[in-house]
Amino acid sequence: METKRDLAYDKSLGFMQFLLSQPSIEYAWDREKNRLTGQWEGRAWSFRLPVPLPIPDSAISFPAYLEAIPAISPSYLMILIQAGHSALAYFEGGEMLHHKVIKKYMVRGNGRAQVGYLQSRGKSKAGSRVRLANTVSFFEDINEKLREWDKTAQATRILISCGDKLRPLWFSSHVTPPFEKNDPRITKVPLDVQRPDLAELTATNKVVLRGRWEGPAELVDVFFAGS
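Residues numbered from 1 in each chain as written. Predicted model: local features only at pLDDT ≥ 70, side-chain atom pairs only at ≥ 80, totals over all residues. Heavy atoms only, no water.

**Quick notes on the overall build of the protein**
Looking only at helices and strands, one finds seven helices and 10 strands in the protein. When burial is assessed residue by residue, the protein has 45% of its 227 residues classed as buried. Here the analysis covers contacts within the protein between residues at least 6 apart in sequence; of these, 68% occur between residues at least 24 apart. When the accessible surface of the protein is totalled, it reaches about 11800 Å², and 50% of it is carbon and sulfur. (Helix = DSSP H or I, 4+ residues; strand = E, 2+ residues; numbered from the N terminus. Buried < 20%, exposed > 50% of the residue type's maximum accessible area, 1.4 Å probe, protein only. Contact = heavy atoms within 4.5 Å. Areas by Shrake-Rupley, 256 points an atom, 1.4 Å probe, with all protein chains shown as cover.)

So, in structure tokens, the structure goes:
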């Protein structure tokens, strides 16, 4: 029987050691997505590693990479951005040490973000000017808070959820982010994020800290039976 199952950070590390110890398992490692895929008794499987894990060196083997993974989660930034709503956090050992929720009035009554509406009309109206000003200050406030924390250098990963239309505005803000838009540590949050707030930060963190198994249920059952 095939199954989908999330494994806690520590269980994920143990499960990967278990997979490597099985002579009947063939696997390939996608360094960019940090995902294992393989075959077991003719059946396909995949395992997405916990998202905050360090960026693999291009020359390192997977067994060597696994051996070097810390027993507790490394530090990382998480940045969730939607029009007018954002939630930022810095984590060490999987625990949230800093967080901030930033909101601005950026959306018109029909739910359309001002950034898109201004391309067509409405630039001279008072409400439009307010929303435009808030759009500018929204990204400045985000970047000022990230700079205030001064944790970018310590972050092993920078986990981001931000739409394609908002991302250029964020990185072209007068107050720039404390990292470049092509920083290799940046990775996309691998799930659909709801309106950013503290609760969504907490829920998203639980997901990214877990490995994701998709494949034969028997392999997971055998692992947990022996652990």
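**A word on the sheet that holds strand β9 (residues 186-188)**
Read from one edge to the other, the open sheet built from five strands follows the order β7-β6-β5-β8-β9, with strand pairing classed as mixed. Strand pairing shows two members of the sheet lacking a second neighbour, β7 (95-103) and β9, which therefore form its edges. Recorded for the sheet is a direction-independent mean angle of 20 degrees between the axes of neighbouring strands. Bridge analysis of strand β5 (residues 76-82) against strand β8 (residues 157-162) gives six bridges, and the strand direction is parallel. Residue pairing in the sheet places Ile79 in a bridge with Ile160 of β8. (Pairing = 2+ DSSP bridges. Axes fitted to C-alpha atoms, helices over the stretch in contact; angles between N-to-C directions.)

**Quick look at the confidence of the model for the protein**
Residue-level pLDDT values for the protein average 89, and 87% of them are 70 or greater. Considering each helix and strand of the protein separately, the mean pLDDT is smallest for helix α3 (residues 114-117), with a value of 50, and largest for β8, with 98. In the predicted structure, residues 117-122 sits below a pLDDT of 50 and forms nine contacts with residues beyond four places in sequence or in another chain. (pLDDT = per-residue confidence, 0-100.)

**Topic: the pattern of salt bridges**
One pass over the structure, following the stated rule, counts seven salt bridges. For Asp141, the salt bridge goes to Lys104, with nearest N and O atoms at 3.1 Å. Of this pair, Asp141 sits in helix α4 (residues 126-149) while Lys104 sits in the loop between β7 and α3, and the two are 37 residues apart along the sequence. Looking at Lys104, the relative accessible area reads 26%, which means it is partly exposed. Residue Asp183 is joined to Arg185 by a salt bridge in which the shortest nitrogen-to-oxygen separation is 2.8 Å. The class for Arg185 is buried, based on a relative accessible area of 17%. Through salt bridges with shared partners, a single ionic network connects Glu2, Arg43 and Glu218. (Salt bridge = Lys/Arg side-chain N within 4 Å of Asp/Glu carboxyl O.)

**Here's the deal with the sheet that holds strand β3 (residues 35-40)**
On the basis of which strands lie adjacent, the open sheet formed by five strands has the order β1-β10-β4-β3-β2 and antiparallel pairing. The strands lining the two open edges of the sheet, one partner per strand, are β1 (2-7) and β2 (25-30). Within the sheet, the average angular offset between the axes of one strand and its neighbour, ignoring direction, is 15 degrees. Sheet topology note: the β2/β3 ladder contains six bridges and is antiparallel. The partner of Ala28 across the bridge, within β3, is Thr37.

**What to know about the side chain of Thr152**
As for its position among the elements, Thr152 is in the loop between α4 and β8. A relative accessible area of 9% places Thr152 in the buried class. The residues touching Thr152, leaving out its near neighbours within four places in the chain, are Leu77, Pro178, Phe179 and Arg185.

**Describing the packing of aromatic side chains**
We describe a pair of aromatic rings using the distance from one ring centre to the other and the angle between the two ring planes. In total, this model carries 16 aromatic pairs according to the counting rule given. Ring centres of Trp29 and Tyr65 lie 5.1 Å apart, and the angle between their planes is 35 degrees; on these two criteria the pair is classed as tilted. With Trp29 in strand β2 and Tyr65 in helix α2 (residues 62-68), this residue pair connects regions lying 36 residues apart in the sequence. Just as Trp29 is buried, Tyr65 falls in that class too. In this arrangement the basic side chain of Arg5 is found over the ring face of Phe224, its NZ or CZ atom lying 4.4 Å from the centre. (Phe/Tyr/Trp six-rings, centres within 6.5 Å; stacked < 30°, edge-to-face > 60°. Lys NZ or Arg CZ within 6 Å of the ring centre and 35° of its normal.)

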